[in-house]
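# Summary of the model geometry
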Amino acid sequence: MTGSPARSEPPDDEALRVDDVLMTERAAEGDEDAFAVLVRRHAPALLRLAARLLGNRTEAEDAVQDAFVSAWRRLPEFRGGSSFATWMYRIVTNRCLNVLRARRPQAPLNDLPDLPAPAHVTAPDRITEGRAALHDLREALATLSPEQRTCWTLRTLDGRSYAFIAKAVGISEQAARARVFRARRRLTHTLGAWQ
């Protein structure tokens, strides 16, 4: 009987958490290869978060790189009170908040490239309307405080739970809910014309 080669299934969340614990322990002992595994595994999501928060790819890359350098140095202090992923989200979020707070005035979000329209949307009026909506959303996001923007991004764009947001940002779950609520209310008010 000829069979096709077994297809490997992606590991489930629990397997990744257990593997993260092992890799974190090994990295804390100085194993650079174990740390490289953690970087490869978590860098893409952290880079997406930083780019969404900062609106600038170069600054996002710098923030994530700095966060990983900081994590490497502080790994021996990591006690595992949270997962490695949550710990990294917190480090990256703090780095991004520091960058956002240092901006005075805030840099415009217009520096982000327009996303290409799907192939089926080619009518010029639809393209113009989409660009206008994206422009208005960028401007509305710029009116949020860095803290509100961070919580809203983690919840709405990354789909994270309030418990995760609270740990990543270093606030209570109730405060995370309040920041997301205030951000949504402000965005709804600001973007009322698009409803």
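Now for a description of the structure that goes with this document. Keep in mind that this is a model prediction, so the values were computed, not measured. (Residues numbered from 1 in each chain as written. Predicted model: local features only at pLDDT ≥ 70, side-chain atom pairs only at ≥ 80, totals over all residues. Heavy atoms only, no water.)

### Re the nonpolar core
Core analysis: the largest hydrophobic core is formed by 38 residues, its most contacted members being Phe35, Phe68, Phe84, Trp87, Met88 and Val92. Mapped onto this core, the elements with two or more residues apiece are α1 (13–28), α2 (32–54), α3 (57–74), α4 (84–102), α6 (146–157), α7 (162–169) and α8 (173–190). At 11 residues, the largest contribution of residues to this core is made by α2. With seven residues, the next largest nonpolar core counts Leu141, Leu144, Trp152 and Ala183 among its residues. (Core = buried A, V, L, I, M, F, W, Y, C linked by side-chain atoms within 4.5 Å. Buried < 20%, exposed > 50% of the residue type's maximum accessible area, 1.4 Å probe, protein only. Helix = DSSP H or I, 4+ residues; strand = E, 2+ residues; numbered from the N terminus.)

### Details of the packing of aromatic side chains
Each pair of aromatic rings is reported with the distance of its centres and the angle of its planes. Tallied over the entire structure, the rule returns five aromatic pairs. Judged by centre distance (5.0 Å) and plane angle (55°), the ring pair of phenylalanine 35 and tryptophan 72 falls under tilted. Taken together, the positions of phenylalanine 35 in helix α2 and tryptophan 72 in helix α3 put the pair 37 residues apart, joining distant regions of the chain. By relative accessible area, which is 10% here, phenylalanine 35 ends up buried. One aromatic cluster is present, formed by Phe35, Phe68 and Trp72 through successive ring pairs. If you follow arginine 155 out to its NZ or CZ, it ends over the ring of tyrosine 162, 4.2 Å from the centre. (Phe/Tyr/Trp six-rings, centres within 6.5 Å; stacked < 30°, edge-to-face > 60°. Lys NZ or Arg CZ within 6 Å of the ring centre and 35° of its normal.)

### Some words on the side chain of threonine 93
Topologically, threonine 93 is positioned in helix α4. Taking relative accessible area as the criterion, threonine 93 reaches 0% and is therefore assigned buried. If sequence neighbours within four positions are ignored, threonine 93 has contacts with Leu49, Thr150, Ala168 and Val169. (Contact = heavy atoms within 4.5 Å.)

### A look at the pattern of salt bridges
Under the definition given, this model contains six salt bridges. The partner of aspartate 158 in a salt bridge is arginine 52, and the shortest N-O contact between them spans 2.2 Å. Placement of the pair is aspartate 158 in the loop between α6 and α7 and arginine 52 in helix α2, with a sequence separation of 106 residues. As a salt-bridge pair, glutamate 173 and arginine 177 come within 3.6 Å of each other at their nearest N and O atoms. With a gap of four residues between them, glutamate 173 and arginine 177 both fall in helix α8, about one helical turn apart. Judged by its relative accessible area of 36%, glutamate 173 is partly exposed. Owing to a relative accessible area of 43%, arginine 177 belongs among the partly exposed residues under this scheme. (Salt bridge = Lys/Arg side-chain N within 4 Å of Asp/Glu carboxyl O.)

### Re the packing of α2 against α6
Axis separation between α2 and α6 bottoms out at 10 Å; the angle between their running directions is 130°. By the angle between their axes, α2 is oblique relative to α6. Between α2 and α6 the crossing geometry is right-handed. Listed contacts from α6 to Leu49, Arg52, Leu53 and Leu54 of α2 are Arg149, Thr150, Thr153, Leu154 and Leu157. Class assignment of the residues belonging to the contact of α2 with α6 gives a composition of five nonpolar, two polar and two charged. (Axes fitted to C-alpha atoms, helices over the stretch in contact; angles between N-to-C directions. Parallel < 35°, antiparallel > 145°, perpendicular 65-115°, else oblique. Left-handed = near helix turned anticlockwise from the far one by under 90°. Nonpolar A, V, L, I, M, F, W, Y, C, P; charged D, E, K, R; others polar.)

### Description of the packing of α6 against α7
At a closest axis distance of 10 Å, the pairing of α6 and α7 adopts a crossing angle of 140°. By the angle class used here, α6 and α7 are oblique. α7 is crossed by α6, and the crossing has right-handed handedness. Across the interface between the two elements, Thr150, Cys151, Leu154 and Arg155 from α6 touch Tyr162, Ile165 and Val169 from α7. The residue inventory of the contact of α6 with α7, partitioned by class, reads five nonpolar, one polar and one charged.

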